[in-house]
Amino acid sequence: MSNNETSTEIVPAEQQPEIRAKQAPRPSKKPKPARKQVKPGDVVKTETVQTGKEYNIWYNKWAGGDREDNYSNKTKSQTRCQIKLDSGLTRANTTGNKYICLFFARGCCPYGWECEYLHCLPGANTALPDTSKDCFAREKFADYRDDMGGVGSFNRQNRTLYVGRIKETGTGPETEEVVIRHFREWGDIERIRVLQYRSVAFVTYVSELHAQFAKESMACQSLDNDEILNVRWATEDPNPTQKVAEKRRLEELGQEAIRARMDPRIVKAMRAVRALEDGDVLDEEDEFAEEQNGNKRRRLEIEGGDGGSEDEEHISPTSQQLEPAPPQSQGLLSASTMEGLKYFAEIRKKNGFSASQPQTKALPPQPKSLSGGLGLADYGSDED
């Protein structure tokens, strides 16, 4: 059997305590302070080559000059982040700052544990204080830049990166393996697609925060062939199947967020009202949950189209005296409304109301109208 293979063996009961003692988990190490990635003076800052007359701060290039994607205008990054070595505690862990250090992602933070921002990967379920900012506390914009660079847009959740200028030295699967090996360091990858002979790859992360971190960490970096990568935000996928899947995923995330913030009692009440209005039978799961709480709800069983219910036989005469049911064949109320009144009378009975409690003083009888209804039509009628 090779060293990479594992097997399951049955161990006698006498030897189990000894094995447990040998395989006892080691105590987890305390988080270490973050180290300083560079020293002052290690990184030589070079000015952008002037190719135009005006410098555009937003695009970080000279207006009117060569294209931003021109290979001659790109220089390889002097530093790169190493998550296992560079991650650690900073002052942000004490102050409660939730944002990541941008220079830590680029591998050139000189402050280390003295930094005011976090030195770690963002969690997949991390909730940022402001959704209009990225994980580095930079303001997002309504639209993407023309070259799909920059911070990004707050109108769309983008988890896909465009990776260009890849030097392909093998087949498509080999290039895909190289891309996965370099990009999975920054988070869980959902899918990856390599366009062979075009030097382009699309990397989709599970979390948008991981995509934001990977974009800054791999900008102007190289894979295995000393190339200078061009990492940008990817445009929207034109595939209709992916559009439908992304829409469904966003809807599920929104529903989960709403459920987490809603009171479960309100949800049950809304379902009961909706079932009563539609004349449907309540779900068994909801009924079982209410039975555990001691408030089992009566199930509605609709027979035919007359709106009647078999539960009318279980209503005691006492409850009928407290809540007299008007006739179904005449009056202003429909059959479904009459059924609703009976339903709430049953709820009132289950909540503890009985005939032993003092009854309210009965109102004097009102003269009925000629229509045979409840007397509501007497007010403002033509007989006055």
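Residues numbered from 1 in each chain as written. Predicted model: local features only at pLDDT ≥ 70, side-chain atom pairs only at ≥ 80, totals over all residues. Heavy atoms only, no water.

Convention followed: UniProt positions are given in the numbering used here, feature names are shortened, and annotations may be inferred rather than shown by experiment.
The name that an unreviewed UniProt entry assigns to the protein is Pre-mRNA-splicing factor CWC2, with the source organism given as Leucocoprinus leucothites. Checking UniProt for the protein, the heading Subcellular location (unreviewed entry) contains the comment "Nucleus". Check the Sequence similarities (unreviewed entry) section of the UniProt entry for the protein; it says "Belongs to the RRM CWC2 family."

Quick notes on helix 11 (residues 335-350)
For the record, the criterion: For helices the rule is a DSSP run of H or I covering at least 4 residues; for strands it is a run of E covering at least 2, with both sets numbered from the N terminus onward. Here the expected span of a helix is defined as 1.5 Å times the quantity of residues minus one. Burial classes: relative accessible area under 20% of the type maximum marks a residue as buried, over 50% as exposed, and values in between as partly exposed (1.4 Å probe, protein chains only). Between two residues, a contact is recorded if the distance between any of their heavy atoms is within 4.5 Å.
Over its 16 residues, helix 11 runs 23 Å from end to end, which matches the ideal 22 Å to within 8%, given 1.5 Å per residue. For helix 11, every residue scored as buried is listed here: Met338, Glu339, Gly340, Lys342, Tyr343, Ala345 and Glu346. Tucked into the core, helix 11 has its buried residues touching helix 8 (264-278).

Quick look at the pattern of salt bridges
To keep it simple, the criterion reads: The salt bridge criterion pairs a side-chain nitrogen of Lys or Arg with a carboxyl oxygen of Asp or Glu, the two atoms within 4 Å.
Inspection of every chain in the model, using the stated rule, returns 16 salt bridges. One salt bridge connects aspartate 86 with arginine 35, and the closest N-O pair in it is separated by 2.7 Å. Residue aspartate 86 is located in helix 2 (residues 83-86), and its partner arginine 35 is located in the loop between helix 1 (16-22) and strand 1 (54-56); the two are separated by 51 residues in the primary sequence. Judged by relative accessible area, aspartate 86 falls into the buried class, the value being 2%.

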